[in-house]
Structures are given as structure tokens and as C-alpha cells.
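# Structural characterization, general
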Amino acid sequence: QVQLVESGGGLVQAGASLRLSCTASGRSFSDSAWAWFRQASGKEREFVAGITWNGANSNFAAPVKGRFTISRDNRENAVYLQMNSLKPEDTAVYYCATGGTRYSGVIDKQMYKYWGQGTQVTVSS
């Protein structure tokens, strides 16, 4: 049974940093891209960042470009999201996703087969 477990969320002040982690179990995802999505209260789930199956390329949504980085560790079957210079508008539940594509720029959430349970990130002003 495949399971994705996220961690690292929390409550921080604007300007702070957080590092989200997502670890998979049940099968290897070394041949799949990983992505992070987020969903703010009352809004649609949106793409945040993606990284290719081999880690060679990554893509970011415009609101986070230059502040967030994504990385992966295939030995750990994990993906990470480093979030710097956090803003109140970054407040959301963050989800990791994988399975279904090898490419980093896939923003359609329907393309991802496996999802984590989500971790809350709250940024106060």
C-alpha cells in the first residue's frame, strides 16, 4: 500500500522559513516526478512546484518563484520544499503528489495518482 507522509508545516511569522518533507512508502518513485500543491481555505488546490524524475529540472508557480526551492532524494524516496521569505498569502494546506508523470511542469492535479494527507502552513503578518 502506497503512503505519502508530509511533515514540517507550522505557524510562522512573515519573512520566516519552513522546510516541508514528504516521504513515500510502499513503492519507489525514482521514475516519477514529484510536485507540491497547496490549498487555501475556500480556494482551489493549486500547483506550487514540481521536479522531474531525475531531479534535473524544476518548475515553480509565479507567486513562489525565487522564494521556494524543491529537491528530492531517491534513496529516501522523498521530496522537500524549502520555503523562504514566507508571506501571509502562502498560508494553506500543502500537499505532495507523485505518480503519473516524469515531468516537472505538470500543473494539472488530475495527472498525479498519489497524494499526501497535507500539512498546514500558517504565516502571520
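Presented here is an overview of the structure given in this document.

Calculation notes
- All residue numbers refer to position in the chain's written sequence, counted from 1.
- The predicted origin of the model limits local features to residues at a pLDDT of at least 70 and limits the giving and counting of side-chain atom pairs to 80 or more, whereas totals for whole chains, interfaces and linings rest on all residues.
- The side-chain values count all of the structure's non-hydrogen atoms but skip hydrogen atoms and water molecules.
- Working definition: with a 1.4 Å probe on protein chains only, accessible area under 20% of the residue-type maximum means buried, over 50% means exposed, and in between means partly exposed.
- Secondary structure follows DSSP: runs of H or I at least 4 residues long count as helices, runs of E at least 2 residues long count as strands, and numbering of each begins at the N terminus.
- Strand pairing is defined by DSSP finding a minimum of two bridges between the two strands.
- We define the nonpolar core as a collection of buried residues of types Ala, Val, Leu, Ile, Met, Phe, Trp, Tyr and Cys that are connected through side-chain atoms lying within 4.5 Å of one another.
- Note on definitions: a residue-residue contact is assigned when non-hydrogen atoms from the two residues lie within 4.5 Å.
- Between the N-to-C directions of two axes lies an angle of 0 to 180 degrees, each axis being a line fitted to C-alpha atoms and, for a helix, fitted only over the stretch in contact.
- In this analysis, rings of Phe, Tyr and Trp, with Trp reduced to its six-membered ring, are considered paired at centre separations within 6.5 Å, and the interplanar angle assigns stacked below 30 degrees, edge-to-face beyond 60, and tilted for intermediate values.
- Note on geometry: a ring has a charge over it if NZ (lysine) or CZ (arginine) is within 6 Å of the ring centre and within 35 degrees of the ring normal.

### What about the pairing of strand β9 (residues 92–98)?
Of all seven residues in β9, six are buried, a share of seventy percent or more. Relative to strand β11 (residues 119–124), β9 is paired through three bridges, and the arrangement is antiparallel. When the sheet's bridge partners are listed, tyrosine 94 is paired in β11 with threonine 119. Examined bridge by bridge, β9 and strand β10 (residues 114–115) share two bridges and lie antiparallel to one another. Paired with threonine 98 across the strands is tyrosine 114, a residue of β10.

### Some thoughts on the nonpolar core
A general feature of soluble globular proteins is that nonpolar side chains tend to end up buried together. Ranked by internal contacts, the top residues of the largest apolar core, which has 26 residues, are Trp34, Trp36, Leu81, Met83 and Tyr94. A total of four residues in this core trace back to one element, the largest contributor, which is strand β3 (residues 18–25). Ignoring anything within four residues of it in the chain, the contact list for tyrosine 94 reads Glu6, Leu20, Trp36, Phe37, Arg38, Val48, Phe68, Leu81, Met83, Gly118, Thr119 and Val121. Of all hydrophobic cores here, the second largest spans six residues; its members include Ala35, Phe37, Phe47 and Tyr112.

### Observations concerning the sheet that holds strand β1 (residues 3–7)
In spatial order, the strands read β1-β3-β8-β7; together these four strands make up an open sheet with antiparallel pairing. The sheet is open, and its two edges are formed by β1 and β7 (68–73), each paired on a single side. Averaged over all adjacent pairs, the angle separating strand axes in this sheet is 15°, with direction ignored. Two elements, β7 and strand β8 (residues 78–83), share six bridges in a ladder whose sense is antiparallel. Opposite phenylalanine 68, over in β8, you have methionine 83 as the bridge partner.

### Side note on the packing of aromatic side chains
In total, this model carries seven aromatic pairs according to the counting rule given. On the numbers, 5.7 Å between centres and 85° between planes, the contact of phenylalanine 37 with phenylalanine 47 is edge-to-face. Placement of phenylalanine 37 in strand β4 (residues 34–39) and of phenylalanine 47 in strand β5 (residues 46–51) is noted, with a sequence separation of ten residues between them. Just as phenylalanine 37 is buried, phenylalanine 47 falls in that class too. Both rings, one in tyrosine 112 and one in tryptophan 115, keep their centres 6.3 Å apart while their planes meet at 75°; by these two values the pair is edge-to-face. With relative accessibility at 26%, the residue tryptophan 115 sits in the partly exposed group. Of the aromatic side chains, those joined through ring pairs into one cluster are Phe37, Phe47, Tyr95, Tyr112 and Trp115. Looking at arginine 19, its charged tip hangs above the ring of tyrosine 80, at a distance of 4.2 Å from the centre.

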